[in-house]
Amino acid sequence: MTRIKIDKWNPDIKPIEEAAKAIREGRLVAFPTETVYGLGANGLDPNAVRKIFAAKGRPSDNPLILHISNFEQAEKIAYISEIGFKIMKEFFPAPLTLVFDAKSCVPSEVRGGLTTVALRMPAHPVALALIEKSGVPIAAPSANRSGRPSPTDAQAVIDDLGDKVEFVLDAGECEIGVESTVIDVSRDEIYLLRPGGMPVEIIENFLKNRLLKIHADENKKKSSPGTRYRHYAPEIPVHLWRAGEKFSKFNFEGKIGYMGINDPGSKFYKKIIFDSVENYARGIFASLRFFERSGAGCIIAELCDEKGVGLALNDRLLRSSGCL
Ligand code: TXA
Ligand code: MG
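Now for a look at the structure at hand. Positions within a chain are numbered from 1, following the residues in the order the chain's sequence is written. In the order they appear in the text, chains get letters beginning with A and ligands get numbers beginning with 1. Residues qualify for local features only when their pLDDT is at least 70, as the model is predicted, and side-chain atom pairs are given and counted only at 80 or more; totals for whole chains, interfaces and linings, by contrast, use all residues. Think of the side-chain values as coming from all heavy atoms in the structure, minus any hydrogens and water.

### Re the sheet that holds strand β13 (residues 256-260)
- The parallel open sheet is built from four strands, whose spatial order is β12-β15-β13-β14. At either margin of the open sheet sits one strand with a lone partner, and together these are β12 (238-241) and β14 (270-273). Ignoring strand direction, the axes of neighbouring strands in this sheet form an average angle of 20°.
- Bridge analysis of β13 against β14 gives four bridges, and the strand direction is parallel. Bridge assignment links G260 to a residue of β14, and that residue is I273.
- Any two residues whose heavy atoms approach within 4.5 Å are treated as being in contact. Only the stretch in contact is used when a helix axis is fitted, and all axes are lines through C-alpha atoms; the angle between N-to-C directions ranges over 0 to 180 degrees. Secondary structure elements are taken from DSSP: a helix is a run of H or I of four residues or more, a strand is a run of E of two residues or more, and numbering for both begins at the N terminus. Helix α10 (residues 277-294) rests against β12, β13, β14 and β15 (298-302) of the sheet, and its axis sits at about 175° to β13. Paired strands are those between which DSSP finds at least two bridges.

Structure follows, in structure tokens:
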């Protein structure tokens, strides 16, 4: 594994070309996006895509997102619906993933056996340059071992997958910190499959207040297989707390880490206090990983208001605690 430091705003093109060559040749490259780091491979090469599943220990029925750098690329791999095209034009590049019907060039491995494919154009100069130079759509899940908190810096990628990737392109910390919002635009109704870095209010506002639908539980698992599995779990338990609740419901033995927006006082071994929901989202995964290493026996994490990125933040907190 080679770790290559790259300036996000003024990336040196040499190492990106080298990494792009590895992608074209079917090898794995971890790269930064505005949400989390991705574990990338040539999205049109089934053998390369299988390496992603093997490296992560990911169930093969959990489909991958194809990352693109321009609109023509989207049309080559998916049937672009009218509403999907409008949304794409308005927002891409963005922390937003759109699900369309897939064209036949998309390997079944990428689709996890479904007939649809998820597309995203990341708002990150290094990611865009890598896709552009590769000349292929890049299949990339978050670059963590399956089930672990997503990586928002290069060290977290190396801790989880260092021996499994050819290159780690290191452009520092990710700006948003939670994964993209996933919406299905392949049918008449628009479904929210995963809340994420792009607030749903912004999309609903663009759609003139048309609300995104949410699948009933059994359909949810079918249409968004990723939601079926345990996610984001650190090696120590996570308990959830809401402002106003008594801490006496928790057993205060041992060393307890706290993360949240409200400062809960002095009972804690270590505390991480954020000054906004956006900063909490940016820091959630790094904080879970920090507490894991800190010697704490468990984590108490504050749930927040489900506005803006708060919806995605609570989703990740619920999943990391095993409540979803
Ligand atoms: O921000 C992100 O989306 C990051 C960066 C690297 O782009 N990627 C990411 O990938 O979070 P991953 O594999 O960890 O999550 C992809 C999500 C999963 O919940 C998966 O089930 C869903 O997208 N997905 C992918 N293809 C789909 C499809 N065809 N239909 C429905 N859901 C799909
Ligand atoms: Mg993931």
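That was the structure; now back to the text.
### With respect to the packing of α10 against helix α11 (residues 310-320)
- Packing of α10 against α11 brings their axes to within 9 Å, and their N-to-C directions diverge by 25°. Judged on the interaxial angle alone, α11 and α10 are roughly parallel. Relative to α11, α10 is oriented so that their crossing is left-handed. Listed contacts from α11 to V277, Y280, A281, I284, F285 and L288 of α10 are G310, L313, R316, L317 and S320.
- Of the residues assigned to the contact of α10 with α11, the class counts are eight nonpolar, two polar and one charged. In these notes the angle categories are as follows: under 35 degrees is roughly parallel, over 145 is roughly antiparallel, 65 to 115 is roughly perpendicular, and the rest is oblique. Left-handed is the label given to a crossing in which the near helix is rotated counterclockwise from the far helix by less than a right angle, and right-handed is the label when the rotation is clockwise. Throughout, the ten residues Ala, Val, Leu, Ile, Met, Phe, Trp, Tyr, Cys and Pro are labelled nonpolar, Asp, Glu, Lys and Arg are labelled charged, and all others, Gly among them, are labelled polar.

### Let's talk about unusual backbone geometry
- A cis amide bond, omega -5°, links F92 with the succeeding residue P93.
- Even without being glycine, Y232 reaches a positive phi, approximately 60°.
- Residue placement: Y232 occurs in the loop between α9 (217-223) and β12.
- Residue classification places Y232 among the buried residues on the basis of a relative accessible area of 4%. Think of it in three bands: residues with accessible area under 20% of the maximum for their type are buried, residues over 50% are exposed, and the middle band is partly exposed, with areas taken using a 1.4 Å probe on protein chains only.

### Side note on the nonpolar core
- I87, L96, L98, L130, L169 and I183 are the most contacted members of the largest nonpolar core, which has 68 residues in total.
- Here I87 is in contact with F92, L96, L98, I183, V185, I190, F206 and L207, once residues within four sequence places are set aside.
- We define a nonpolar core as any set of buried Ala, Val, Leu, Ile, Met, Phe, Trp, Tyr and Cys residues linked to one another through side-chain atoms lying within 4.5 Å. Core analysis: the next-biggest nonpolar cluster, separate from the first, contains 24 residues, M259, A296, A312 and L313 among them.

### Focus on helix α2 (residues 46-56)
- Along α2, the residues classified as buried are A48, V49, I52, F53, A55 and K56.
- Structurally, α2 contributes buried residues whose contacts are with β3 (38-42), α5 (108-111), β8 (138-139) and α7 (154-161).
- Identification of polar contacts relies on pairs of N or O atoms within 3.5 Å, with a donor-acceptor requirement for protein atoms, meaning one able to donate a hydrogen and the other able to accept it, and with residues adjacent in sequence counted only if both atoms are side-chain atoms. A distance of 2.9 Å separates the backbone nitrogen of N47 from a side-chain oxygen at the start of α2, and that oxygen is part of D45.
- At the C-terminal side of α2, G57 shows a positive phi close to 70°.

### Quick notes on the packing of aromatic side chains
- Aromatic contacts are taken between Phe, Tyr and Trp rings whose centres are within 6.5 Å, Trp giving its six-membered ring; a plane angle under 30 degrees counts as stacked, one over 60 as edge-to-face, and the others as tilted. What the rule picks out here adds up to 10 aromatic pairs.
- Relative to F268, the ring of Y258 lies with its centre 5.3 Å away and its plane at 50°, an arrangement referred to as tilted. With Y258 in strand β13 and F268 in the loop between β13 and β14, this pair connects stretches of sequence that are 10 residues apart.
- Taking relative accessible area as the criterion, Y258 reaches 0% and is therefore assigned buried.
- Assessed through its relative accessible area of 10%, F268 is described here as buried.
- An angle of 15° between the planes, with centres 4.9 Å apart, marks the rings of F274 and Y280 as stacked. Each of the two residues, F274 as well as Y280, counts as buried.
- Each member of the aromatic cluster is reached from another via a ring pair, and the members are W241, F247, F250, Y258 and F268.
- A ring is considered to have a charge above it if a Lys NZ or an Arg CZ atom is located within 6 Å of its centre and within 35 degrees of its normal. Here K103 stacks its cationic end above the ring of Y79, 5.1 Å away from the centre of that ring.
- Above the plane of the ring of Y269 lies K270, whose end atom (NZ or CZ) is 4.7 Å from the centre.

### Brief notes about the state of the cysteines
- Throughout, a disulfide means two cysteine sulfur atoms within 2.5 Å of one another. This structure, assessed with the given rule, holds zero disulfides.
- In this structure C174 is not part of a disulfide, and its nearest cysteine sulfur, from C304, lies 19 Å away.
- Here C304 is not cross-linked by a disulfide; its sulfur's nearest cysteine counterpart is in C323, at 15 Å.
- The exposure class assigned to C304 is buried, which follows from its relative accessible area of 9%.

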